[in-house]
Amino acid sequence: LLLAVVGPLLAMLSVPITWIICGAILGNSTVNFANFLAVFLAIGFGADVMFVYYDAWTQSEGHAEQIPKRLAWTYQRAVKASLATTSTTALSFLCNMASVIRALRQFGFFMGICVLITWLSLTFIYVPTVVIDYIWCRRVRLSSRRLAGSKSACFGSWALVLYRIRYCILFLTIVFMVICVSLALPALTVGTGMPDVFPDQHNQNTGVEVLAQFEPVSIAFTTSRQDPPREVLVCQGADFASTATSCVMQWCEARYVSDEPTWEGNGTCTCKRRMTTGCSGSAAPVRVRFVGPSSLTDLQLSLHVVNHLFAWPDAASLDLSVEARRDMIEGARTKPQLLQQVWDTGETSLSNTMEISVGFTRQETSSCGWDEICFCGNGGTLQCILDTWDGTSTLDLPALRRLQATTVTTTRTTGMLTSSTVPISKRTKVRAVFGIYPETTVMLLGERPPEDTWSYNPGFDLSDPWAQRAMYQFCSEIPLHLMVTRKWCWFEDFREFSKIYQGRFPVKAVDWAVVSKLYVDTSTKGTRGTKYIWLEEDVVKGMYVSFELGISRDASNEEVLDLKEKWDKYGRNWKKPDTASPYFLVSDEWVAVESASRLITSTASSLAILCVLALACMLIFTHSCILSVVVVVSTVMVIIVLSFFITVVMGWEVGLIEVIAFIYFIGYAVDYSLHMVYKYGSNDALTEDDQTDLGAGREKASLRLQRMSFALKTMGGATVGSAITTAGSSLFLVFCTLTIFAKLGAMCFTVTMASILFALCPLGAYLMTLGPVRPGLCNRCYNQSAQLLDDRRE
């Protein structure tokens, strides 16, 4: 009970100790999900070290009687074996520092340090605790000698069985590896998103699917949408004298009239007028309001409308100069819509309106002018009640001839928006950022404070008219092949505002500060306010332009990367002044695709680095190139089995969680095989185990069997115990609700079972068939062992 409590507790305590050390080194004070995951990983690794030390202590009973000598023997046997697996596992994490993904680099560094601290705590605290447990609690424990003898006999028998079926096991292993590779490679798919926390049927994911059927809030309620005002100004439809400019609508009480055709740019208008009295001077202003059309052509105004006005008897003595005609045409303007309502029934009709002013010149006894309303095919049966107005006349606006209706257009290949069948909620978003310098250098470990990740470009100066022209050109001349379906450009809206406010664009440098601030404060456009700009001390320091592209977020990586390259090329070729500054592009979809494309290559490079480092590490401990390569090959086969399980059995995409599993669980895959190989190549294999005589001419086979039998007897119990502990604990994770834990549990269980099976079966079969008889440097180890064996036999 004491060991069962102290061992896992020491492994768990290594996590907060590591967090303190990493916090002091990296300056990080946050606890993330990986820190909690490290508790499970540390316990799994610690179980292997604990079993190695405890088995060594149990075996020491047959080699020494005094406790100090048994402790020394335990350390002599177990420290080197556990250090070999510890260093390999630590390297499996530290090699993540070569990854392009910052989360993997930080996680790898954290776990590498955690593994070393776990080994140190178990070596210097757990082993003395084993001695204390032996002294205080040995009366309630079964004889360790009896247990050790039983395990040794069991694994010795397995060694003989394995020797007899070694060829069959090697053949089946090769066939199984070929099947795994041939099925796993075609099924390999790369996941581009963040790992799912909840299973597919969970309400968290179902809710996301339901919400995806609706447009995002930013699209359904665009930035130009405002809360409706509580009160608005409504003007009388027959009121020409009002000077209010903020009317949102006109209203009049109406009656039913005969049905009239809908206004289509031509037709017959019914006009009523009201004479103006009490005038003086030579001016006779006439104001005409049209209900139905929102605009009339110059020909209709200068010809048909003027003829209609002169047809009134009171206009016989009025004159209309050429300048007055031109002013009438240029002054034509659209008015707020007119709502005509039958008060009794509440029936309404909404029509467009426009108004013109005609400056007639009168003689002393001529008319003072009049106000006139013409109802031109209002598309309904309602018309304002104007009983107090004078007589009624008609205005005929004949259909325009084709030559008159034809307008000359020019086709441009830029500045046009493309159409797309992709749903709006699925389209890719891209932002072009100006005036900002992002910090692109990558920190190996740790994170920068948010204020250090970017800075303003001091050369960005929008008061320069050429910079304003360039920014407007960037928005208005986007090529069609960039697939822009919608855009939100601050400068396009600002240009329109500037033309209304001061009649010109670009703004002069001396006026830039005032006009730009006025636009920010008063504009009602979609880019109003400071959403699209960085404003400090009333100076625009930077801005971004938002684009919506007609390519789906679910498009293939090749399509997305091809479009990204087109945008990059457009940016390189964009002609701009220095004051407009270079820009950079930001897109969540592009980041996801690039991360996915680099995820596999980063994982492959990390695995390659790990294999090289593990090979070097094992060469240091085994002193044999062949044995080191054998362990690497065994580890690669375990990784192939894990790949087969992920892609074929479970049908998962290879995402961030799977990559973490590949990198981490390679440490588990190495441990058991390394334990066996280390004992196979040790000198004690020839001095502490009896050789099985296989007959004349089979001395090498006898030595291989002797070495493998010794490895199974001395390390079989520890490796199997560690595998059972790790697999048992990971099996419980499979049934977790959270997908991350369920995946890690399933992968850990698979790797653990595959690793122990490969260590006990195919690895042993290979070593009994083709294993080195004299492992070590220059055969020195073998010669010394052979001499000791001869002396022992004599």
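Coordinates for the structure precede this section.
Quantities reported herein were computed from a predicted structural model and do not represent experimental measurements.

Another point: the packing of aromatic side chains. The tally for this structure, following the rule as stated, stands at 26 aromatic pairs. Where Phe434 meets Phe474, the ring centres are 5.1 Å apart and the plane angle is 85°; that geometry is what we call edge-to-face. Of the two residues, Phe434 sits in strand S10 (residues 427–434) while Phe474 sits in helix H12 (residues 465–476), which places them 40 residues apart along the sequence. Comparing Phe434 with Phe474, the two get one shared label, buried. Ring geometry for Phe494 against Phe505: centres 6.3 Å apart, planes inclined by 70°, an arrangement best described as edge-to-face. On the criterion of sequence distance, the pair formed by Phe494 in helix H13 (residues 490–502) and Phe505 in the loop between H13 and helix H14 (509–522) is long-range, its members being 11 residues apart. Take Phe494 and Phe505: they sit in the same class, and that class is buried.

The geometry of helix H20 (residues 699–733) relative to helix H21 (residues 739–760) is characterised by a closest axis approach of 9 Å and an angle of 165° between their N-to-C directions. By the angle between their axes, H20 is roughly antiparallel relative to H21. Seen along the crossing, H20 lies across H21 with a hand that is left-handed. Facing Met708, Leu712, Thr719, Val720, Ala723, Thr726, Ala727, Ser730, Leu731 and Leu733 of H20, the residues of H21 in contact are Phe741, Ala742, Gly745, Cys748, Phe749, Thr752, Met753, Ile756, Ala759 and Leu760. Split by residue class, the contact of H20 with H21 holds 15 nonpolar, five polar and no charged.

Another aspect to go through is the nonpolar core. Counting residues in each nonpolar core, the largest one holds 99 residues, and the members touching the most others are Met111, Tyr126, Met676, Met747 and Leu767. With 14 residues, helix H4 (residues 102–137) is the largest single contributor of residues to this core. Beyond its immediate sequence surroundings of up to four residues, Met111 is in contact with Ala38, Leu41 and Phe93. One finds Val484, Phe491, Val520 and Tyr544 within the second-largest nonpolar core, a separate group that totals 45 residues.

This next bit is on the side chain of Ser587. Following the sequence through the fold, Ser587 ends up in the loop between strand S16 (583–586) and helix H16 (588–622). In terms of polar contacts, Ser587 uses its side chain to reach the backbone carbonyl oxygen of Lys429, at 2.9 Å. In this view, Ser587 contacts Thr428, Lys429 and Val430; residues no more than four positions away in its chain are not counted.

About the cut-offs
Residues numbered from 1 in each chain as written. Predicted model: local features only at pLDDT ≥ 70, side-chain atom pairs only at ≥ 80, totals over all residues. Heavy atoms only, no water. Phe/Tyr/Trp six-rings, centres within 6.5 Å; stacked < 30°, edge-to-face > 60°. Helix = DSSP H or I, 4+ residues; strand = E, 2+ residues; numbered from the N terminus. Buried < 20%, exposed > 50% of the residue type's maximum accessible area, 1.4 Å probe, protein only. Axes fitted to C-alpha atoms, helices over the stretch in contact; angles between N-to-C directions. Parallel < 35°, antiparallel > 145°, perpendicular 65-115°, else oblique. Left-handed = near helix turned anticlockwise from the far one by under 90°. Contact = heavy atoms within 4.5 Å. Nonpolar A, V, L, I, M, F, W, Y, C, P; charged D, E, K, R; others polar. Core = buried A, V, L, I, M, F, W, Y, C linked by side-chain atoms within 4.5 Å. Polar contact = N/O pair within 3.5 Å; in protein donor to acceptor, adjacent residues only side chain to side chain.

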